[in-house]
Amino acid sequence: MVMPHQEQPSDVTNVSCCVRAHCCTKQLRPSAELQEDVVRDMKTPCLPNGATPLNNQVAGHMHGKGKTKLGFLQWHDNAVLKPIQSPPRGQREVEFYQKVFDVNCRNSVFINMRPLVPNYLGVIECPEVPGIHYLKLEDVTRKFVKPCIVDLKMGPITYDPEAPPDKVAREKAKYPSLAEVGFRLTGMRIYKHSIKKYVTYDKQYGISLDEHMMRDQGLGVFFNKAEGLRKDAINAILAKLQEIENWFMSQSELRFFACSILIVYEGCLSTLGNSCHQNGMNGAGVSLDQDASPTHGMCNGIVQQNGTPDSSAIQSKEVGGADRHLVDVRMIDFAHVFHTDQHDENFLFGLRKVIGYLQQLL
């Protein structure tokens, strides 16, 4: 049984750090090796000036928590800052984003993938704490009034070919139902109209769901089945998932391990009126969040790497037409991408399980 927990709003103090953008073509390996050691003994890591802990985060490392206490941040221009992991994972993810968004790229696999991932906006360093670097990425939730978000880690195999035996054993033990379910629900956040609050479910809730529970108690809960199933959002998301499946079927160059699909839909049905701006309250069963809206600001930093335009030159990718702000679906987390000469059947298995569950909900 997943015990309820209460989330308290945090008081955030921005430490006076000079934030600068630097060329990402240089090797980050030496500083990345220091990154985890630098902050291991810190009570609270230094925040870049103008950054706060990411408000809409549903999974992954949280600021001030865990072994290194490094977590996702929201920068003052509303981009997302993701701490770069120790090598080889961090360097691999940076290089992957560079390849995808290199304006000189002629590889159709990478070019066709661009709409499926968050825009890459460079690398940020906080020089007050040497060795800490962040990927700067588009915040795909920014265009929503009340974003409902779920993170699904794809594939029954979540360890890469270089993983040592102990890592393989730990991954297999995390979620015994993974082989049947095909993906892991690592966190979700839903706006509930009945109470006008956000409700958050963490990874412990996700691993409590087996293949017979995932449809109704996992994805069904995410799409608000109890209050009125969001068939409009499901249909739009199915179309986006089909685009991802089509991309995977078109390429046999890359394999993705421990990669997630981030799904977002608009939770404020009127897009919506004053009823979508009330504060949260605590309750039993799951976490009821304090309602918080993103802060908008201007970006003073300039980031240009490998020919990638700065943030002012990259427009947010939005689904067109009537569902312009209804849904967004992106692939995220690329620290375990490997070359192959076959289709990525591991990712495709998980993706098709998600598609199947959503079709059953309809």
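From a predicted model like this one, the values you see are computed outputs, not experimental measurements.

## Brief notes about the environment of Asp-77
Turning to its location among the elements, Asp-77 is positioned in the loop between β3 (73-74) and β4 (80-83). Given the relative accessible area of 9%, Asp-77 is considered buried. As for Asp-77 and Gly-50, which are separated by 27 residues in sequence, their C-alpha atoms are 8.7 Å apart. There is a polar contact of 2.8 Å between the side chain of Asp-77 and the side chain of Lys-136.

## Some words on the confidence of the model for the chain
Averaged over every residue, the pLDDT of the chain is 78; the share at 70 or more is 70%. Of the regions scoring below 50 in pLDDT, residues 272-285 engages in 34 contacts with residues more than four places distant in sequence or in other chains. Predicted confidence is poor over residues 290-324, with pLDDT under 50, and the contacts of this stretch with residues over four places away or in other chains come to 87 contacts.

## Brief notes about the nonpolar core
As a rule of thumb, nonpolar side chains are buried together in soluble globular proteins. Grouped together as the largest cluster of nonpolar side chains are 67 residues, with contacts concentrated most on Phe-256, Met-331, Phe-334, Phe-347 and Leu-358. In terms of residues, this core owes the most to one element, helix α9 (residues 231-250), which gives 9 residues. Counting residues in hydrophobic clusters, the runner-up holds 9 residues, among them Ala-51, Trp-75, Leu-81 and Ile-124.

## Comments concerning the packing of aromatic side chains
Applying the stated criterion to the full structure yields 19 aromatic pairs. Consider the rings of Phe-256 and Phe-334, whose centres lie 6.0 Å apart with planes at 70 degrees: the pair is edge-to-face. With a gap of 78 residues between them, Phe-256 in strand β10 (residues 254-256) and Phe-334 in the loop between β13 (327-332) and β14 (337-339) connect regions that are remote in the sequence. Given the relative accessible area of 0%, Phe-334 is considered buried. Site record: aromatic cluster; members linked through ring pairs are Phe-96, Tyr-97, Phe-110, Tyr-120, Trp-247, Phe-248, Phe-256, Phe-334 and Phe-347.

## Some words on the pattern of salt bridges
Within the structure shown, the criterion is met by 15 salt bridges. When salt bridges that share partners are traced, they join Glu-138, Lys-143, Asp-328 and Arg-330 into one network.

## A word on helix α7 (residues 214-222)
Residues that lie three or four places apart on an α-helix share one face, since the helix turns once every 3.6 residues. Of all the residues in α7, the buried ones are Met-214, Gly-218, Leu-219, Gly-220, Val-221 and Phe-222. One or two residues past the end of α7 sits Asn-224, with phi positive at roughly 60 degrees.

## Focus on the side chain of Asn-56
Relative to the elements of secondary structure, Asn-56 occurs in the loop between β2 (52-53) and β3. Polar side-chain contacts of Asn-56 include one of 2.8 Å to the side chain of Arg-189. With sequence-adjacent residues up to four places away left out, Asn-56 is seen in contact with Thr-141, Pro-147, Ile-149 and Arg-189.

## Some remarks on the packing of α7 against helix α10 (residues 345-361)
Their axes nearest at 10 Å, the elements α7 and α10 cross at an angle of 90 degrees. Between α7 and α10, the crossing angle belongs to the class labelled roughly perpendicular. Across the interface between the two elements, Met-214, Arg-215, Asp-216, Leu-219 and Gly-220 of α7 pack against Val-354, Tyr-357, Leu-358, Gln-360 and Leu-361 of α10. Here the contact of α7 with α10 is built from residues that sort into 6 nonpolar, 2 polar and 2 charged.

## Topic: α10
Its 17 residues give α10 an end-to-end C-alpha distance of 24 Å, which sits within 8% of 24 Å, the value for a rise of 1.5 Å per residue. Listed in full, the buried residues belonging to α10 are Asn-346, Phe-347, Leu-348, Gly-350, Leu-351, Val-354, Ile-355, Gly-356, Tyr-357, Leu-358 and Leu-361.

## Looking at unusual backbone geometry
Glycine aside, negative phi is the norm for most residues, and most peptide bonds take the trans geometry. Residues Pro-87 and Pro-88 are joined by a peptide bond in cis, for which omega reads 5 degrees. Mapped onto the fold, Pro-88 is located in the loop between β4 and α2 (89-101). Unlike most non-glycine residues, Asn-78 shows phi in positive territory, near 75 degrees. A positive phi is found at Asn-224, a non-glycine position, where the angle reads about 60 degrees. Following the sequence through the fold, Asn-224 ends up in the loop between α7 and α8 (225-228). You can call Asn-224 buried: its relative accessible area is 6%.

## Digging into the side chain of Thr-186
Take Thr-186: it is sitting in strand β8 (residues 183-192). Accessibility expressed as a relative area gives 11% for Thr-186, which makes it buried. Aside from chain neighbours lying at most four places away, what touches Thr-186 is Val-58, Ala-59, Asp-151, Lys-153, Asp-202 and Lys-203.

Analysis parameters
- Residues numbered from 1 in each chain as written.
- Predicted model: local features only at pLDDT ≥ 70, side-chain atom pairs only at ≥ 80, totals over all residues.
- Heavy atoms only, no water.
- Helix = DSSP H or I, 4+ residues; strand = E, 2+ residues; numbered from the N terminus.
- Buried < 20%, exposed > 50% of the residue type's maximum accessible area, 1.4 Å probe, protein only.
- Polar contact = N/O pair within 3.5 Å; in protein donor to acceptor, adjacent residues only side chain to side chain.
- pLDDT = per-residue confidence, 0-100.
- Contact = heavy atoms within 4.5 Å.
- Core = buried A, V, L, I, M, F, W, Y, C linked by side-chain atoms within 4.5 Å.
- Phe/Tyr/Trp six-rings, centres within 6.5 Å; stacked < 30°, edge-to-face > 60°.
- Salt bridge = Lys/Arg side-chain N within 4 Å of Asp/Glu carboxyl O.
- Axes fitted to C-alpha atoms, helices over the stretch in contact; angles between N-to-C directions.
- Parallel < 35°, antiparallel > 145°, perpendicular 65-115°, else oblique.
- Nonpolar A, V, L, I, M, F, W, Y, C, P; charged D, E, K, R; others polar.
- Expected span 1.5 Å × (residues − 1).

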